[in-house]
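Here's the letter readout for the chains.
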Amino acid sequence: MSFVVETTTPNGFPVKLQTGLFINNEFVKGSSTIDTINPSNGKVIAAVQAAEQADIEKAVDAAEKAFEGPWSELAANERAALMYKLADLVDKNNEEISQIETLDNGKGITFSRHVDVKQFATSIRYYAGWADKIQGKVIDTKGALSYTRHEPIGVCAAIIPWNFPIMMMGWKLGPALATGNTVIVKTSELTPLSALKVAELVVEAGFPPGVINIITGYGAIAGDALARHMRIGKVAFTGSTAVGRKIMEASAQSNLKKITLELGGKSPNIIFDDADVDQAVRWAHRGIFFNHGQTCCAGSRVLVQSGVYDEFLKKFQEYTKQTKLGNPHNDDTFQGPQVSQTQFDRIMGYIEKGKNEGATCFMGGNRWGEEGYFIEPTVFTDVKQDMTIVQEEIFGPVVVVSKFDTVEEGIKMANDTEYGLAAAIFTRDNARSIDVSNKLKAGTVWVNCYNELDYNTPFGGFRQSGIGRENGEYALENYYQVKVVKVESLITNGVK
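The structure presented is a predicted model; accordingly, all values stated were derived computationally and were not measured.

J.: Even after reading the chapter, I still don't get the packing of aromatic side chains, so can you show me in this structure?
T.: In this description, an aromatic ring pair is defined by two values, namely the gap between the centres and the angle between the planes. Going through the model one piece at a time under the given rule, you end up with 14 aromatic pairs. A ring pair is formed by Phe 111 and Phe 290, whose centres lie 5.4 Å apart and whose planes are at 75°; its orientation type is edge-to-face. Of this pair, Phe 111 sits in helix 5 (residues 109–128) while Phe 290 is found in the loop between helix 10 (277–289) and strand 15 (301–305), placing the two residues 179 residues apart along the sequence. Accessibility expressed as a relative area gives 18% for Phe 111, which makes it buried.

In structure tokens form, the structure reads like this:
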């Protein structure tokens, strides 16, 4: 049975969509189906197969069999060779995967090409280089040889979000495969299509059946089943803090599986009086409106020192007015639609709440266009620290701009949040940048830039923004277990 659907993008690019569950290197039927929607017009793209408990069992069986058999029998450099080949195939098919990502998610095609799909290949290639360098150590102990081994966990689950579907899959697949695990990827029910296209390439690259399995399903059904499964030893999740708590709870109630959580944020972007204001404006715009504000580390709170507040606000308004909204398949589109009707309604609800609580809607605040889930870039001023739009993650193109006087006040305002994923500082004073960076409660601090993420530097949060780190060498620790082996000296003729 074929699960291929052929269609074209709004700009006429032909794409072939895979819509089955990818289990054991085959596309198979699921227990139900889910319609995936084009957020640019609200119309159905295709119906994809959805996994429920019985399908999860089949995926776990396949992953477990692969781990206990062919995958563990491969040498580390042989696993790496397969990973390199997958990365090369993704690069080769970048345009079609990018078109699918934009069709399904709504992000600008330029970003799909040069950020999301490219980053998937880069991450896989980077971790392929680590595969034969994951080593234990010999420890000097009295009377025995003592050494450690870094052993794979076994079957891992990766629950990926809808805002960066293919990129987040690469962040999780890379370290899991490099350390010798097998993986079940659960896509978001909103954006399954790019991951399923990559599944075709998994077979072409030559991975043994069951090493990589890619399924779609609702979080409350398929996600919960993965988090509770007794034969899954690790779950990596990116999403909301509320769902992250449910993942932790499910792990605790089942087999205490290892978890990493990359969760929400309400990140501050602090602009000091001595900053290059034009530079700060450009990066602040990117910090909040990149990916339509649907970014966990979005700079959704801009804190501006009083000496440059008026200048910044005027220039920020002028720069934001130039934001190109529209068809995400056009090369020059910066901001496309929000991912779904639910997300659109949620953001518009926050905008109304901001107005009702007394904040000034300085610009934007409205629907853009007549179809799809587009929202104007929105800027609030005259906000107070206890307002909902200041404290809660909106996950859309909405930013609050606040004024502060002293460095100490700016730091206090920046840290006044339950989150701690990221922060940014704009200043010409190097000593200040280091001092303030050290005092900010955030997993990543950018200085004179924003949203600069690299495959080889760790990413993760403080506080309620998560547990563990993704990217770089630090991510490997999430996917192996440390075993100590102690060997006593041989005994000859009863004498040690």
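Now that the structure has been shown, we can carry on.
J.: Whenever I open this one, helix 5 confuses me. Can you help?
T.: Every α-helix winds through 3.6 residues per turn, so residues three or four apart in the chain are directed the same way. With 20 residues, helix 5 ought to run about 28 Å at 1.5 Å a step, and its terminal C-alpha atoms sit 27 Å apart, in line with that. The largest bend in helix 5 comes to about 35°, at Lys 118. Within helix 5, 15 of the 20 residues are buried, leaving the element largely enclosed by the surrounding structure.

J.: Please clarify how the environment of Gly 264 should be interpreted in this entry.
T.: Within the secondary structure layout, Gly 264 lies in the loop between strand 13 (258–262) and strand 14 (268–271). In contact with Gly 264, other than residues within four places in its own chain, are Gly 239, Thr 241, Cys 296, Glu 393, Tyr 419, Leu 421 and Ser 465.

J.: Quick question: what am I supposed to make of a negative patch on the surface here?
T.: Among the surface-exposed residues, Glu 357, Asp 386, Glu 392 and Glu 418 lie close enough to one another that they form a single negatively charged patch. Relative to the helices and strands, Glu 392 is located in the loop between helix 13 (388–391) and strand 18 (398–404). Look at Glu 392 and you get partly exposed, because its relative accessible area is 36%.

J.: What's the story with the sheet that holds strand 18 in this structure? I'm lost.
T.: Each strand in a sheet pairs with another by means of backbone hydrogen bonds, the pair being arranged parallel or else antiparallel. The sheet built from 7 strands is open, its strands ordered 16-17-18-15-14-19-20 with mixed pairing. Bordering the open sheet on either side are strand 16 (360–363) and strand 20 (444–447), each of which pairs with just one other strand. Strand-to-strand twist in this sheet, taken as the mean axis angle between neighbours without regard to direction, amounts to 25°. Against the sheet, helix 12 (residues 341–356) contacts strand 16, strand 17 (378–381) and strand 18, and its axis sits at roughly 25° relative to strand 17.

J.: For this particular structure, what's the right way to read the sheet that holds strand 22 (residues 480–488)?
T.: The 3 strands lie next to each other as 7-8-22, forming an open sheet whose pairing is antiparallel. Whereas interior strands pair on both sides, the edge strands pair on one side only; in this sheet they are strand 7 (138–141) and strand 22. Going across the sheet, the axis of each strand differs from the next one's by a mean of 25°, ignoring polarity.

J.: Sorry, what's going on with a nonpolar patch on the surface here?
T.: Residues Val 138, Leu 145 and Val 487 make up a contiguous nonpolar surface patch of about 260 Å² in total accessible area. Mapped onto the elements of the fold, Val 487 is located in strand 22. A residue is classified by how much of its surface remains accessible, and Val 487, at 38% relative accessible area, is partly exposed.

J.: How should I be thinking about the side chain of Gln 49 in this particular structure?
T.: Tracing the backbone shows Gln 49 in strand 6 (residues 43–50). The class of Gln 49 is buried, set by a relative accessible area of 8%. Within the structure, Gln 49 has its side chain in polar contact with the backbone nitrogen of Gly 30 (distance 2.9 Å).

J.: Looking at this structure, I do not really get the pattern of salt bridges. What am I missing?
T.: Proximity of charged atoms lets side chains of opposite charge pair with each other. Scanning all chains against the criterion turns up 22 salt bridges. A salt bridge links Glu 64 to Arg 231; its shortest N-O distance comes to 2.8 Å. Linking Glu 64 in helix 1 (residues 53–68) with Arg 231 in the loop between helix 8 (219–228) and strand 12 (234–238), this pair joins segments that are 167 residues apart in sequence. Between Lys 197 and Glu 96 there is a salt bridge, with its nearest N and O atoms 3.4 Å apart. Taken as a pair, Lys 197 in helix 7 (residues 193–205) and Glu 96 in helix 4 (residues 94–105) lie far apart in primary sequence, 101 residues in all. Each of the two residues, Lys 197 as well as Glu 96, counts as buried. A cluster of three or more residues bridged by salt bridges with shared partners is formed by Glu 57, Asp 61, Glu 64 and Arg 231.

Cut-off values and rules
- Residues numbered from 1 in each chain as written.
- Predicted model: local features only at pLDDT ≥ 70, side-chain atom pairs only at ≥ 80, totals over all residues.
- Heavy atoms only, no water.
- Phe/Tyr/Trp six-rings, centres within 6.5 Å; stacked < 30°, edge-to-face > 60°.
- Helix = DSSP H or I, 4+ residues; strand = E, 2+ residues; numbered from the N terminus.
- Buried < 20%, exposed > 50% of the residue type's maximum accessible area, 1.4 Å probe, protein only.
- Expected span 1.5 Å × (residues − 1).
- Bend = angle between axes of the 7 residues up to and from the residue.
- Contact = heavy atoms within 4.5 Å.
- Patch = residues over 30% accessible without salt bridge, like charges linked within 9 Å, V, L, I, M, F, W, Y side chains within 5 Å.
- Areas by Shrake-Rupley, 256 points an atom, 1.4 Å probe, with all protein chains shown as cover.
- Salt bridge = Lys/Arg side-chain N within 4 Å of Asp/Glu carboxyl O.
- Lys, Arg positive; Asp, Glu negative; His and termini not counted.
- Charge placed at Lys NZ, Arg CZ, Asp CG, Glu CD.
- Pairing = 2+ DSSP bridges.
- Axes fitted to C-alpha atoms, helices over the stretch in contact; angles between N-to-C directions.
- Polar contact = N/O pair within 3.5 Å; in protein donor to acceptor, adjacent residues only side chain to side chain.

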